[in-house]
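# Geometric and topological summary
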Amino acid sequence: MDPCPFVRILVGNLALKFPVSTKPSSSRIHPSTSPCFCKIKLKNFHHQVATIPLIQSLEDSSSSNSFQKSLAACFSLSKSQIDKIISRGGSSYKVSIEVYADPDGSSCGLASGKLLGRVSVPLDLRGAESRPSVVHNGWIAIGQNKSKKNGSSAQLCLTVRTEPDPRFVFQFGGEPECSPQVFQVQGRVKQAVFTCKFGFRNSSDRNLGSRSSLPESNTSRNWLPSLKTDKDQSSKERKGWSITIHDLSGSPVAMASMVTPFVPSPGSDRVSRSNPGAWLILRPECGTWKPWGRLEGWREPGFTDALGYRFDLFNDNIAATGTTTTVASSTLSTKLGGKLTMDMTTNIPTPSISPQSSCDLGSRSRSGSRPGSGSGSDFGLGVSLSPQSLHRGGFVMSSTVEGVGKCSKPEVEVGVQHVKCTEDAAAFVALAAAMDLSMDACRPFSQKLRKELRQQTQNFVV
């Protein structure tokens, strides 16, 4: 199947300049010297916060190099969301930017900042799924005098851009520990593309994290543990979990394997950040399993109900150098859940504000070939995700994670530019499964896990 249409709304290239004041200000807030920030809002999305650099002179404002190419906010819309906006006329759909001064430099994003002004940029999303467009690029007046044209108002420079961002979408048919099917989704159409097999590694496989590869299994049953006793291990650890992703022919195409047990810190029943549990995400290569990435998980300290995580990509020569690149690091609410997200967007290619310049609106479009059919072993025409490919930027992937105690069927979105074969897509699916299972692995050890996650042996229970 073809990928699903998505549209990203990018806001950036922010700068702020003020008219020269001829009168001394009695307020302790002097906008031209106080740090400034803004709240960027779009209906049905959480607002995003960004700092705004100040332009101190005419020379600075005429040279865009000091503030151009910086991303401040990014919003993603699915086709169903776009269709709903267009069906309602779309005239009221706009990006709103509220600009604040922060005299203490400590209230960025909080209500204590002084509102300097706000602007709105209307969005026309018709055709946005097929072509990029610069909605606004340049200076716009804010504040009380913005209706005047004598330069007496503060001015905000910003760029608002829309661009197509097609993605492959996958949906787990059940919770990962229940070994479900995984479907590729396009609109209301679902097609099975993978199967999952959850199991436990035996004690002899505990050193997986120090290996560069593993012999490939002929069947998924070889990854299930042999029944052995383990008298030296406490019941207060969660270890040996693995989930193997198979294509429809039954061949393993990716795996997530818990290589560092999730254990409570001394005197606690929580996994700490200083001693996180870890998974390896592996891909088959030349008859072996090759590490692709490493996911760590822990519970945040204090009374916060948050799961912390970090995902590192291995370099191609990991066996020789041991180097990795961190591509995602954040927290998720253990009660409400959230999303694991990888997005390498850092700038917005746009025309310069100078009228003599030009802009290649296709600089971020994916022209030339169809992204891929998603059938067989050819998912698309992208490039496999690696530290060497991160310069391509853009959206990489996201995966939903439900809170503890809720039925979780992860939905995975993967940018087409990072998928060229089945193994690429399967690696992201395995990562999504590991992230979802980490929510259970990091539960307080005073809580009992569901039976699918408890390994039963003669004298050993996880």
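All values derive from a computational prediction rather than experimental measurement.

### A word on the pairing of strand 21 (residues 411–415)
A large share of strand 21 lies buried, amounting to four of its five residues. Two strands pair when backbone bridges link them, and strand 9 (residues 167–172) and strand 21 are joined in this way by five bridges, in the antiparallel orientation. For Arg167, the partnering residue across the bridge sits in strand 21 and is Gly415.

### Comments concerning the environment of Arg8
For Arg8, the position within the fold is in strand 1 (residues 6–17). Placed 69 residues apart in sequence, Arg8 and Leu77 show a C-alpha to C-alpha distance of 6.2 Å. A polar atom in the side chain of Arg8 sits 3.0 Å from the side chain of Asp343.

### Here we look at the confidence of the model for the protein
For the protein, the mean per-residue pLDDT works out to 79, and 71% of the residues sit at or above 70. Every residue in residues 351–377 scores below 50 in pLDDT, and together they form 62 contacts with partners more than four places removed in sequence or on other chains. Here residues 457–462 scores under 50 on pLDDT; set against residues more than four positions off or in separate chains, the count is 18 contacts.

### A short note on the nonpolar core
Ranked by internal contacts, the top residues of the largest apolar core, which has 59 residues, are Phe170, Phe194, Trp241, Ile245, Phe311 and Met342. The element contributing the most residues to this core is helix 4 (residues 422–441), with 14 residues.

### Comments concerning the sheet that holds strand 7 (residues 133–141)
The four strands lie next to each other as 4-1-8-7, forming an open sheet whose pairing is antiparallel. Each having just a single partner strand, strand 4 (71–78) and strand 7 make up the two edges of the open sheet. Strand-to-strand, the axes of this sheet are offset by a mean angle of 15°, without reference to chain direction. Across seven bridges, strand 1 lies against strand 4 in antiparallel orientation. Pairing of Val11 across the sheet is with Ala73, part of strand 4.

### Here we look at unusual backbone geometry
For Ser179, which is not a glycine, the phi torsion comes out positive at approximately 55°. Positive phi outside glycine occurs at Cys286, with the angle close to 55°. Tracing the backbone through its elements, the reader meets Cys286 in the loop between strand 15 (277–285) and strand 16 (288–299). Taking the relative accessible area as the measure of exposure, Cys286 reaches 80% and is therefore exposed.

### Concerning the pattern of salt bridges
Enumeration according to the criterion identifies 23 salt bridges in this entry. A salt bridge links Glu177 to Arg450; its shortest N-O distance comes to 3.4 Å. You can see Glu177 sitting in the loop between strand 9 and strand 10 (181–186) and its partner Arg450 sitting in the segment after helix 4, a full 273 residues away along the chain. By sharing partners, the salt bridges in this structure join Arg8, Arg161, Glu163, Asp165, Arg167, Asp343 and Glu413 into a single network.

### A few points about the side chain of Arg283
Among the secondary structure elements, Arg283 is positioned in strand 15. Residue class for Arg283 comes out buried when judged on its relative accessible area of 16%. Reaching out from Arg283, the side chain makes a polar contact with the side chain of Asp424 at a distance of 2.6 Å. Among residues more than four places away in sequence, those in contact with Arg283 are Thr288, Trp289, Lys290, Trp292, Ser384, Cys421, Glu423, Asp424 and Ala427.

### What to know about the packing of aromatic side chains
Applying the stated criterion to the full structure yields eight aromatic pairs. With a centroid separation of 5.5 Å and 70° between ring planes, the pair formed by Phe45 and Phe75 is classed as edge-to-face. In this pair, Phe45 sits in the loop between strand 2 (36–41) and strand 3 (48–52) while Phe75 sits in strand 4, placing the two residues 30 residues apart along the sequence. The exposure class of Phe45 is partly exposed, given its relative accessible area of 28%. When its relative accessible area of 1% is taken as the criterion, Phe75 is described as buried. When the ring of Phe198 is compared with that of Phe200, the centres are 5.4 Å apart and the planes differ by 75°; the resulting orientation is edge-to-face. The two residues Phe198 and Phe200 agree in class, both being buried. In textbook terms, an aromatic cluster arises when at least three aromatic residues are bridged by ring pairs, as seen for Phe198, Phe200, Trp241 and Trp279.

### A few points about helix 4
Between its first and last C-alpha, helix 4 extends 28 Å over 20 residues, near the 28 Å set by a 1.5 Å rise per residue. Of all 20 residues in helix 4, 19 are buried; the element is thus mostly enclosed.

### Quick notes on the sheet that holds strand 5 (residues 94–101)
A sheet is described by the order of its strands in space; here four strands give the open sequence 3-2-5-6, paired in antiparallel fashion. A single partner strand is all that each edge strand has here, and the edge strands are strand 3 and strand 6 (114–122). Mean inter-strand twist for the sheet, computed between neighbouring axes without regard to direction, equals 25°. Across five bridges, the pairing between strand 2 and strand 3 is antiparallel. The residue bridging Ile40 from the neighbouring strand is Gln48, located in strand 3.

### Concerning the pairing of strand 10
In terms of strand pairing, strand 9 meets strand 10 through four bridges, oriented antiparallel. Within strand 10, the residue paired with Gln171 across the bridge is Phe183. As paired strands, strand 10 and strand 11 (residues 189–200) are joined by six bridges and run antiparallel to one another. When the bridges of strand 11 are listed, Phe183 appears paired with Ala192. As consecutive antiparallel partners, strand 10 and strand 11 are separated by two residues, and within that stretch Gly187 has a phi angle of approximately 65°, a positive value.

Calculation rules
- Residues numbered from 1 in each chain as written.
- Predicted model: local features only at pLDDT ≥ 70, side-chain atom pairs only at ≥ 80, totals over all residues.
- Heavy atoms only, no water.
- Buried < 20%, exposed > 50% of the residue type's maximum accessible area, 1.4 Å probe, protein only.
- Helix = DSSP H or I, 4+ residues; strand = E, 2+ residues; numbered from the N terminus.
- Pairing = 2+ DSSP bridges.
- Polar contact = N/O pair within 3.5 Å; in protein donor to acceptor, adjacent residues only side chain to side chain.
- pLDDT = per-residue confidence, 0-100.
- Contact = heavy atoms within 4.5 Å.
- Core = buried A, V, L, I, M, F, W, Y, C linked by side-chain atoms within 4.5 Å.
- Axes fitted to C-alpha atoms, helices over the stretch in contact; angles between N-to-C directions.
- Salt bridge = Lys/Arg side-chain N within 4 Å of Asp/Glu carboxyl O.
- Phe/Tyr/Trp six-rings, centres within 6.5 Å; stacked < 30°, edge-to-face > 60°.
- Expected span 1.5 Å × (residues − 1).

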